[in-house]
Amino acid sequence: MFPVSSPRILAGLGILGVSLGAFGLAVTTAVADPNRTVASVKPLAGLTLDAGSKHAVGYFEAADGGCNLTLLVADAVNDVNPVVHSAPARIATAISAGRTVRVDTVDGPSIELACAADASSLEARVVQRLAYAPAAK
């Protein structure tokens, strides 16, 4: 994971900020704590998370009693993978108030996004998925 002050993260957040700023939206950003991997954001605030080999940035709007989420997911750029080899995927979905959705990655971690009961905030966290096999009888 990158430290919050990483030039790559700051550049990515700058691009997101310019994109949001072009629409006249106030731009603030929440970065998940690498030890807790949880971020809570208010509407139109930027969000960034690292989940295994993937990096995600996005925001949500409170509308129709829920959270309308826009999330871009791409290969993470780091010392092992210094160049992005694929285009990001854009995910746009509505999350009902009080509900949770997950975005799975191929290498294990998932991004869990929970819309508050009053759609006033969105909590995002990285969760580890583990395969489960019941004990043989």
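Sequence order as written defines residue numbering, which begins from 1 separately in each chain. Local features in a predicted model are, by the rule used here, given only for residues with pLDDT of at least 70; side-chain atom pairs are given and counted only at 80 or more, and totals for whole chains, interfaces and linings are based on all residues. For the side-chain quantities, the full set of heavy atoms in the structure was used; hydrogens and water were omitted.

## Regarding the confidence of the model for the protein chain
Predictor confidence is given residue by residue as pLDDT, running from a minimum of 0 to a maximum of 100. Considering every residue of the protein chain, the mean pLDDT works out to 77; 70% of them sit at 70 or more. The helix count covers DSSP runs of H or I at least four residues long, the strand count covers runs of E at least two residues long, and both are numbered beginning at the N terminus. Looking over the protein chain, one finds the lowest element-wise mean pLDDT in helix α1 (residues 7-21), namely 42, and the highest in strand β6 (residues 89-96), namely 96. Whether two residues are in contact is decided by their heavy atoms: any pair within 4.5 Å suffices. Per-residue pLDDT stays below 50 along residues 1-29; that stretch engages in 34 contacts with residues further than four places along the chain or on separate chains.

## What to know about the pattern of salt bridges
When a carboxyl oxygen of Asp or Glu is within 4 Å of a side-chain nitrogen of Lys or Arg, the pair counts as a salt bridge. Under the counting rule described, the total for this entry stands at three salt bridges. One salt bridge in this structure joins Lys 54 and Asp 75, with 2.5 Å as the shortest N-O distance. One end of the pair, Lys 54, is in strand β4 (residues 54-63); the other, Asp 75, is in strand β5 (residues 66-75), with 21 residues separating them in the sequence. Ionic pairing is found between Glu 112 and Arg 102, a salt bridge with its closest N-O pair at 3.0 Å. With Glu 112 in strand β8 (residues 109-115) and Arg 102 in strand β7 (residues 100-104), this residue pair connects regions lying ten residues apart in the sequence. Only protein chains enter the accessibility calculation, which uses a 1.4 Å probe. A residue is then buried if its area is under 20% of the maximum for its type, exposed if over 50%, and partly exposed in between. For Arg 102, a relative accessible area of 46% translates into the label partly exposed. Bridged by salt links that share partners, the residues Arg 102, Glu 112 and Arg 125 form one connected network.

## Examining the environment of Ala 63
Its place among the elements puts Ala 63 in strand β4. In this structure Ala 63 comes out as partly exposed when scored by relative accessible area, which is 29%. Taking the C-alpha atoms as reference, Ala 63 lies 8.8 Å from Ala 94; in sequence the two are 31 residues apart.

## Considerations on the state of the cysteines
Here a disulfide denotes one covalent bond, and it connects the sulfur atoms of two cysteines. The rule for a disulfide is simple: a pair of cysteine sulfur atoms within 2.5 Å. Within this structure, the stated rule accounts for one disulfide. The disulfide bridge from Cys 67 ends at Cys 115, spanning 2.1 Å between sulfur atoms. Here the disulfide of Cys 67 and Cys 115 is right-handed, its torsion about the S-S bond being about 75°. Highlighted residues: Cys 67 in strand β5 and Cys 115 in strand β8, separated in sequence by 48 residues. Given the relative accessible area of 0%, Cys 67 is considered buried.

## Notes on the pairing of β8
Most of β8 is tucked away, with six of its seven residues classed as buried. In the sheet, β7 pairs with β8 via five bridges, with the strands oriented antiparallel. Counted as the bridge partner of Thr 100 is Ala 114 from β8. For two strands to count as paired, DSSP must find a minimum of two bridges between them. In this antiparallel pair of consecutive strands, β7 and β8, the connection spans four residues, and Gly 108 shows a positive phi of 125°. Bridging between β8 and strand β9 (residues 122-128) involves seven bridges; their strand directions are antiparallel. Counterpart to Cys 115 in the pairing with β9 is Leu 122.

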